[in-house]
Every structure is written in C-alpha cells, then in structure tokens.
Amino acid sequence: MGEQFNRLFDEWAASYDDTVQGADMEYREVFRNYEIILQKISDRAHGFVIEFGVGTGNLTKKLMEKGLEVVGIEPSDNMRKIAQQKLPNTKIMKGNFLSFPRQNKKVDAIVSSYAFHHLTDKEKEQAIKLYTNILDTQGKIIFGDTIFENDKKKNEAYLQAKKKGYHRLAEDLNTEYYTTIPKMEQILHQYGFTTSFEQINDYVWILEAQLNREAKLA
Ligand SMILES: C[S@@+](CC[C@H](N)C(=O)[O-])C[C@H]1O[C@@H](n2cnc3c(N)ncnc32)[C@H](O)[C@@H]1O
C-alpha cells in the first residue's frame, strides 16, 4: 500500500530532474509545462501545507520560496535524500499518502504533484477520508497529476502511446492507477468537498478540492 513503487523511484531518483525537463521523449508530453504545474499548485496553497510524494523537492522548493510552512512526505529513500540536499531547512519525512507522521495542528492545504496515481481508487478514497480529519474547516487539497475525463479517453491515450511506439508510457497507462475526473468528483463530493479541474497538458490536470465542513455536517 504506498511503498510498492519505492524501488522504481530509488533507481529513478538520480536522473529524475532530467526527465521532468523533457529528456525522455516518451514522457515529454506528460512533463510539458512541469514548472507551470508546480507554480499553479503553489499559487493556490496557503498557510500550513503537507506535501505528499515530494520526489526531488521541486514543488517543495516553490512552496518554501512562497514562505509557506511545509512538511514534505516521501517514501523513497533516494528521492528524500535528494530533496533534503536541495532543501536542508525543510522538514521532509518518510511516509506515504496513507501513513505519515501526524502533525499537531490543522492543515490548510494538502498538495502533491505527479504522485496520487500511485494509489488505487479505493486507497484514494481512504486518503481523502483521512484528510477530512486533518484539514482545517476550509482546508484545500491541490493535486497535479495525470487524470482522464473518462475511461474512453484513458483507453485512447493508451492506444495512442502504443501507436507511437512509446512502450514504457503505454505500459504505465495500462498498469498504474490513473483515475478519471468523475471518479475523483464522486469521492470528493461524498466527503464534503467542492471541486474544480484545470487541464495543463494532454495528461495532467490540476485538481482543487475545497473542504466546506458546514456543508458536510448539514
Ligand atoms: C513522479 S514522482 C513526482 C515527484 C514530485 N512530486 C514531482 O512533481 O516531480 C512520484 C513520487 O511519488 C512518490 N510515491 C510513490 N508512491 C507514493 C505513495 N503511496 N505516497 C506518497 N508518495 C509516493 C515516489 O516515491 C516519487 O517520489
């Protein structure tokens, strides 16, 4: 549950920052506008922030530069090491979306980039339920990740990747837990969030979910 991708990310850590800059042709579209995606997530965050799946710390850096109080959570040792080297004064802890050191105050924003798809839809729901307990009454979730408008679009993306000979990308699209907007809306609305989605490239959307605890209790 959460640690199954550690080996992959431990191995990828050293070259990860080259990939996000477009070095890998197969993933170029996935990472197109990477900096803009991180900036938009950071722009929408405020106050006390928990970031999941910090990787090499690129979003963390933007959050810190904005002057926010940030706790980063990352399961891969090698990723965490690189992030901590880049940001020696930031608290970056071992953990994952579902299991992480609890903080002793309410959280204003939970953020993540390119990571929530590592959870199955069932685990995504467990995570969202958990976050309703740690977020402040008007807290927000802001995630940038690959997501599809529906299952048909997801299948089209898979077929397209195969047609282009992008076999690693096709395999990813077939095996990782990329979800759909209606599925995320269903989960988030159930737990009292209002939602909005902004598309950034052919794969990545920014999901913003605003908790409205009064609405949840009504
Ligand atoms: C594609 S990288 C994204 C890194 C960074 N957020 C970025 O935008 O560049 C995915 C990251 O999620 C982490 N990860 C994998 N499974 C996770 C989980 N269950 N909970 C939290 N992070 C996870 C990986 O170790 C990796 O660092």
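As the structure is a prediction and not an experimental result, all values here were calculated from the model.

J.: Quick question: what am I supposed to make of the overall build of the chain here?
T.: A tally of regular secondary structure across the chain gives 9 helices and 8 strands. Taking 218 residues into account, the globule formula puts the C-alpha radius of gyration at 17 Å, and the chain, at 17 Å, falls close to it. Each of the three principal axes of the chain carries a C-alpha extent, and together these read 50 × 40 × 30 Å. Among the 218 residues that make up the chain, the fraction classed as buried is 54%. Positive and negative charge centroids in the chain, built from 30 and 32 side chains respectively, lie 2 Å apart.

J.: Where do I start with the UniProt feature "binding site: S-adenosyl-L-methionine" (unreviewed entry) in the chain in this structure?
T.: According to UniProt, the feature "binding site: S-adenosyl-L-methionine" (unreviewed entry) maps to Gly 53 and Glu 74 in the numbering used here. The annotated residues occupy 22 residues of the chain but converge on a single region, no pair of C-alpha atoms lying more than 4.7 Å apart. In this structure Gly 53 touches Ile 73, Glu 74, Ser 113 and Ala 115, once residues within four positions along its chain are discounted. Apart from the residues within four sequence positions on either side, Glu 74 is in contact with Gly 53, Val 54, Gly 55, Met 79, Arg 80, Met 93, Lys 94 and Gly 95. Looking at Glu 74, its side chain comes within polar contact range of the main-chain nitrogen of Val 54, at 3.2 Å.

J.: Please clarify how the UniProt feature "domain: Methyltransferase" (unreviewed entry) in the chain should be interpreted in this entry.
T.: Mapped onto this structure's residue numbering, the UniProt feature "domain: Methyltransferase" (unreviewed entry) falls at residues 49-139. Within residues 49-139, the helical portion is 35% and the strand portion 26%, while the C-alpha atoms at the span's ends are 10 Å from each other.

J.: Explain the site of the ligand here, please?
T.: Within the structure, the ligand sits among 18 residues, and Tyr 16, Tyr 34, Gly 53, Glu 74 and Ser 113 are positioned closest to it. In this structure, an oxygen atom belonging to the ligand sits 2.5 Å away from a side-chain N or O atom of Tyr 34. Contacts to the ligand include Gly 53, whose backbone N or O atom sits 2.7 Å from a nitrogen atom. Relative to its unbound accessible area of 590 Å², the ligand is 99% covered by the protein chains. By residue class, the composition of the shell around the ligand is 10 nonpolar, 7 polar and 1 charged.

J.: What am I meant to see in unusual backbone geometry here?
T.: For residues besides glycine, phi is generally negative; the peptide bonds are generally trans as well. Positive phi is not limited to glycine here, since Asn 33 has a value of about 65°. Residue placement: Asn 33 occurs in the loop between helix 1 (6-20) and helix 2 (34-44). Classification of Asn 33 as partly exposed rests on a relative accessible area of 28%. The phi angle at Tyr 114 is positive, at roughly 55°, despite the residue not being glycine. Residue Tyr 114 is classed as buried on the basis of its relative accessible area, which comes to 9%.

J.: What exactly am I supposed to notice about the pairing of strand 4 (residues 107-113) here?
T.: Within strand 4, 7 of the 7 residues are buried, which leaves it mostly tucked inside the rest of the structure. Relative to strand 4, strand 1 (residues 48-52) is paired through 4 bridges, and the arrangement is parallel. Along strand 4, the bridge assignment pairs Glu 51 with Val 111. Two strands pair when backbone bridges link them, and strand 4 and strand 5 (residues 135-148) are joined in this way by 6 bridges, in the parallel orientation.

J.: What should I look at first to understand the side chain of Thr 60 in this one?
T.: Mapped onto the fold, Thr 60 is located in helix 3 (residues 58-65). Thr 60 sits in the buried class, given a relative accessible area of 0%. Here Glu 51 takes part through its side chain, which lies 2.8 Å from a polar atom of the side chain of Thr 60.

J.: Just to check I follow, could you spell out the nonpolar core for this structure?
T.: For soluble globular proteins, nonpolar side chains are generally found buried alongside one another. Counting residues in hydrophobic clusters, the biggest one holds 36 residues, and the most contacted among them are Phe 31, Ala 45, Leu 63, Val 111, Leu 169, Leu 173 and Tyr 203. Elements that contribute at least two residues to this core include exactly helix 1, helix 2, helix 3, strand 4, strand 5, helix 6 (151-163), helix 7 (167-175) and strand 8 (204-211). Apart from residues lying up to four places away in sequence, Ala 45 is in contact with Leu 63, Lys 66, Leu 68, Ala 109, Val 111 and Ile 142. Membership of the second largest hydrophobic core comes to 33 residues, among which are Ala 127, Ile 134, Tyr 191 and Leu 207.

Reading guide: rules and limits
Residues numbered from 1 in each chain as written. Predicted model: local features only at pLDDT ≥ 70, side-chain atom pairs only at ≥ 80, totals over all residues. Heavy atoms only, no water. Helix = DSSP H or I, 4+ residues; strand = E, 2+ residues; numbered from the N terminus. Rg over C-alpha atoms; globule rule 2.2 N^0.38 Å. Buried < 20%, exposed > 50% of the residue type's maximum accessible area, 1.4 Å probe, protein only. Lys, Arg positive; Asp, Glu negative; His and termini not counted. Charge placed at Lys NZ, Arg CZ, Asp CG, Glu CD. UniProt positions renumbered as here; feature names shortened; annotations may be inferred. Contact = heavy atoms within 4.5 Å. Polar contact = N/O pair within 3.5 Å; in protein donor to acceptor, adjacent residues only side chain to side chain. Near = heavy atom within 4 Å. Areas by Shrake-Rupley, 256 points an atom, 1.4 Å probe, with all protein chains shown as cover. Nonpolar A, V, L, I, M, F, W, Y, C, P; charged D, E, K, R; others polar. Pairing = 2+ DSSP bridges. Core = buried A, V, L, I, M, F, W, Y, C linked by side-chain atoms within 4.5 Å.

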